[in-house]
Amino acid sequence: MLWCAASALLLLPALAGWWLGGPGTPPAIEWQRARLFDQPWRWWSAAWVHYSTLHLAANAAGALLVAALGMVARLPARAAVAWLAAWPLTHLALWLRPGLASYGGLSGVLHAGVAVVMVSLLHEPSTRRFGVVLGLGLLVKLLLESPWGPALRIDTAGEIATVPFAHAAGALVGTLCAALWLRGLATQREAQA
């Protein structure tokens, strides 16, 4: 249930912002390198910024897919907490990418969500195979995007500019947050034994 709430918290404000404001973005909420530390709310609000209808539609479809993955995997509330923790950390990690002045969109945080699902599936023996397949798919996608290449990648139609580094940062941060959650769970079980 909390996984669905986290998905809604990511998607609904993005849809509402689009409905109220249309294309473009208010500069007050997109991620901006120059405002990274004096306006930390951007670590969260950047996820709600979309620069075109196609950009929003692609991220909305991705958000629904990640929500469905979490529901099918029957992830516990702690997995959703790991995903929510990865949200601002993903955007904070964008600071490590030289040449990136601004950013908006859900994609980095959605990759974090996929990583949390992957780690959760890998943790359970009955779902480990699905976790391996999901992890390999995520790894191949990230490698094909070349996050070490140009900061921005424009699609052939010129409709969407993606930031491959955001996808890689989200996947890494999501993996780390999920691993910390699982470590805390193991420590808790040991203390109870």
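To keep things clear, this report deals only with the structure shown in the data block. (Residues numbered from 1 in each chain as written. Predicted model: local features only at pLDDT ≥ 70, side-chain atom pairs only at ≥ 80, totals over all residues. Heavy atoms only, no water.)

### Some thoughts on the overall build of the chain
Scanning the chain from terminus to terminus reveals 7 helices and 4 strands. Listed by position from the N terminus, the elements making up the chain come as α-β-α-α-α-β-α-α-β-β-α. The C-alpha radius of gyration of the chain comes to 17 Å, within 12% of the 16 Å expected for a compact globule of 193 residues. Taken along its principal axes, the extent of the C-alpha atoms in the chain is 55 × 30 × 30 Å. With 193 residues in all, the chain has 46% of them scored as buried. For the chain, long-range pairs separated by at least 24 residues make up 74% of all intrachain contacts whose partners lie at least 6 apart in sequence. For the chain, the computed accessible surface area is about 10,100 Å², with 73% contributed by carbon and sulfur atoms. Of the charged side chains in the chain, 12 are positive and 7 negative; the average position of the first set lies 8 Å away from that of the second. (Helix = DSSP H or I, 4+ residues; strand = E, 2+ residues; numbered from the N terminus. Rg over C-alpha atoms; globule rule 2.2 N^0.38 Å. Buried < 20%, exposed > 50% of the residue type's maximum accessible area, 1.4 Å probe, protein only. Contact = heavy atoms within 4.5 Å. Areas by Shrake-Rupley, 256 points an atom, 1.4 Å probe, with all protein chains shown as cover. Lys, Arg positive; Asp, Glu negative; His and termini not counted. Charge placed at Lys NZ, Arg CZ, Asp CG, Glu CD.)

### Here's the deal with the nonpolar core
Judged by nonpolar contacts, the single largest core of 35 residues is most densely connected at W3, L10, W83, L106 and V116. If you list the elements that add at least two residues to this core, you get α1 (2-21), α3 (53-72), α4 (77-93), α5 (107-123), α6 (128-145) and α7 (164-192). The contact partners of V116, leaving out residues within four places of it in the chain, are W3, A79, A82, W83, G174 and A178. If you look at the next biggest cluster of nonpolar residues, it comprises 12 residues, including W31, W43, V163 and A166. (Core = buried A, V, L, I, M, F, W, Y, C linked by side-chain atoms within 4.5 Å.)

### Observations concerning the environment of D155
Along the polypeptide, D155 turns up in the loop between β3 (153-154) and β4 (161-162). Judged by relative accessible area, which is 29%, D155 ranks as partly exposed. Taking the C-alpha atoms as reference points, D155 and G137, 18 residues apart in sequence, are found 21 Å from one another. Setting aside its immediate chain neighbours within four residues, D155 contacts L54 and I160.

### Re the side chain of T90
Structurally, the position occupied by T90 is in helix α4. Residue class for T90 comes out buried when judged on its relative accessible area of 1%. A polar contact of 2.7 Å, which involves the side chain of T90, links it to the backbone oxygen of A86. Sequence-distant contacts of T90, defined by excluding residues within four places in its chain, comprise G108, V109, A112, A166, A169, G170 and V173. (Polar contact = N/O pair within 3.5 Å; in protein donor to acceptor, adjacent residues only side chain to side chain.)

### Some words on α1
Note on helix geometry: an α-helix contains 3.6 residues per turn, so any two residues three or four positions apart are oriented the same way. For α1, which comprises 20 residues, the first-to-last C-alpha distance of 28 Å matches the rise-based estimate of 28 Å (1.5 Å per residue) to within 8%. Bending of α1 peaks at approximately 25 degrees at the position of A8. Buried within α1 are the following residues: W3, A6, S7, L10, L11, A14 and W18. Buried residues in α1 make contact with α3, α4 and α5. (Expected span 1.5 Å × (residues − 1). Bend = angle between axes of the 7 residues up to and from the residue.)

### Structural notes on the pattern of salt bridges
Taken as a whole and assessed by the stated rule, the structure comprises 2 salt bridges. As a salt-bridge pair, R35 and D38 come within 2.7 Å of each other at their nearest N and O atoms. The partner of K141 in a salt bridge is E145, with the nearest N and O atoms 2.4 Å apart. With a gap of 4 residues between them, K141 and E145 both fall in helix α6, about one helical turn apart. Of the residues examined, K141 reaches a relative accessible area of 32% and is grouped as partly exposed. Residue E145 is classed as buried on the basis of its relative accessible area of 15%. (Salt bridge = Lys/Arg side-chain N within 4 Å of Asp/Glu carboxyl O.)

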